[in-house]
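# Analysis of the macromolecular model
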Amino acid sequence: MSPIQEQLIALGAVFESAVLVDKLARTGQVSEPAVACLINSLLVRDPKSTLDVYGGDDLNLRDGYRALVSALERDPGSLQRDPLRYALALTSLERQLNKRDDMLQVMGSRLDQVQQQVEHFGPTHENVIANCGSLYQDTISTFRQRIQVQGDMRHLQQANNAAKIRALLLAGIRSARLWRQLGGHRWQMLFSRSKLLKELYPLLRG
């Protein structure tokens, strides 16, 4: 797998988080395996490969790849505007987080607690989701830049959905961090679109 494809897996996961947040905000329902994949990605500390972060394959990242393709192709017919907005905001918030060693330490120790909960309850249990959601609230939500999630207020006002949205945004931050560590830059999405698309199409086909 090429270095760019490694980056695209991580960036696809950022977009997957954004797509799931959008779907949850609008419909109140998302795929359980996709949520489990992203919650588990928060707890992988020493991966042998990028795919290891997401359980060894990218089956649960396909919606993210599709959203990324439509953003890079700039196709007005298929462009998912809210997921794109969320994904770009996540990469921006991750850059701010990278300057905050104190916050990164807090997140590391809190994720140790999440790890214990996951071992006990599983990744999509409401206690795990609530813990991840409150971790996002106590850290990323304190930045001046905030992600304003649009959707149906009936779904957004449900405590479980709100916690799940924050947990998914936290997972998106983790993937944005991985993307940057693998050499990803926002300017690639502006100036290297055709190169990225060429590497992305085979991932989408699997």
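Here's what I pulled together on the structure shown here.

Analysis parameters
Residues numbered from 1 in each chain as written. Predicted model: local features only at pLDDT ≥ 70, side-chain atom pairs only at ≥ 80, totals over all residues. Heavy atoms only, no water. Helix = DSSP H or I, 4+ residues; strand = E, 2+ residues; numbered from the N terminus. Rg over C-alpha atoms; globule rule 2.2 N^0.38 Å. Buried < 20%, exposed > 50% of the residue type's maximum accessible area, 1.4 Å probe, protein only. Axes fitted to C-alpha atoms, helices over the stretch in contact; angles between N-to-C directions. Parallel < 35°, antiparallel > 145°, perpendicular 65-115°, else oblique. Contact = heavy atoms within 4.5 Å. Nonpolar A, V, L, I, M, F, W, Y, C, P; charged D, E, K, R; others polar. Patch = residues over 30% accessible without salt bridge, like charges linked within 9 Å, V, L, I, M, F, W, Y side chains within 5 Å. Areas by Shrake-Rupley, 256 points an atom, 1.4 Å probe, with all protein chains shown as cover. Salt bridge = Lys/Arg side-chain N within 4 Å of Asp/Glu carboxyl O.

Right, let's get into the overall build of the protein chain. Assigned secondary structure in the protein chain consists of 11 helices and 0 strands. Across the protein chain, helices and strands are ordered from the amino to the carboxyl terminus as α-α-α-α-α-α-α-α-α-α-α. The globule rule puts the C-alpha radius of gyration for 206 residues at 17 Å, and the 16 Å found for the protein chain is close to it. In terms of principal-axis extent, the alpha carbons of the protein chain reach across some 40 × 40 × 35 Å. A burial count over the protein chain gives 50% of its 206 residues as buried.

Next up on the list: the packing of helix H6 (residues 101-121) against helix H7 (residues 126-138). Relative placement of two packed helices is described by the angle separating their axes and the distance separating the axes. Where H6 contacts H7, the axes come no closer than 9 Å and their chain directions differ by 170 degrees. When the axis of H6 is compared with that of H7, the two are roughly antiparallel. Touching Met-107, Arg-110, Leu-111, Gln-113, Val-114, Gln-117, Val-118 and Phe-121 of H6 are Asn-127, Val-128, Asn-131, Cys-132, Ser-134, Leu-135 and Asp-138, all from H7. Of the residues belonging to the contact of H6 with H7, the class tally is 8 nonpolar, 5 polar and 2 charged.

All right, on to a nonpolar patch on the surface then. A cluster of nonpolar side chains, Trp-187, Leu-190 and Phe-191, forms an exposed patch at the surface whose accessible area comes to about 410 Å². Mapped onto the elements, Phe-191 comes out in helix H10 (residues 186-191). Judged by relative accessible area, which is 68%, Phe-191 ranks as exposed.

Right, let's talk about the side chain of Arg-62 for a bit. Looking at the secondary structure, you find Arg-62 in helix H4 (residues 62-73). Looking at Arg-62, the relative accessible area reads 16%, which means it is buried. In this view, Arg-62 contacts Glu-16, Leu-203, Leu-204, Arg-205 and Gly-206; residues no more than four positions away in its chain are not counted.

Moving on: the pattern of salt bridges. Enumeration according to the criterion identifies 11 salt bridges in this entry. A salt bridge links Arg-177 to Glu-94; its shortest N-O distance comes to 3.3 Å. Of this pair, Arg-177 sits in helix H9 (residues 159-181) while Glu-94 is found in helix H5 (residues 81-97), placing the two residues 83 residues apart along the sequence. Look at Arg-177 and you get partly exposed, because its relative accessible area is 21%. Salt-bridge contacts for Arg-100 lead to Asp-102; the nearest nitrogen and oxygen are separated by 3.0 Å. Since its relative accessible area comes to 41%, Asp-102 is described here as partly exposed. Overlapping salt bridges bring together Lys-23, Asp-63 and Arg-66 as one network.

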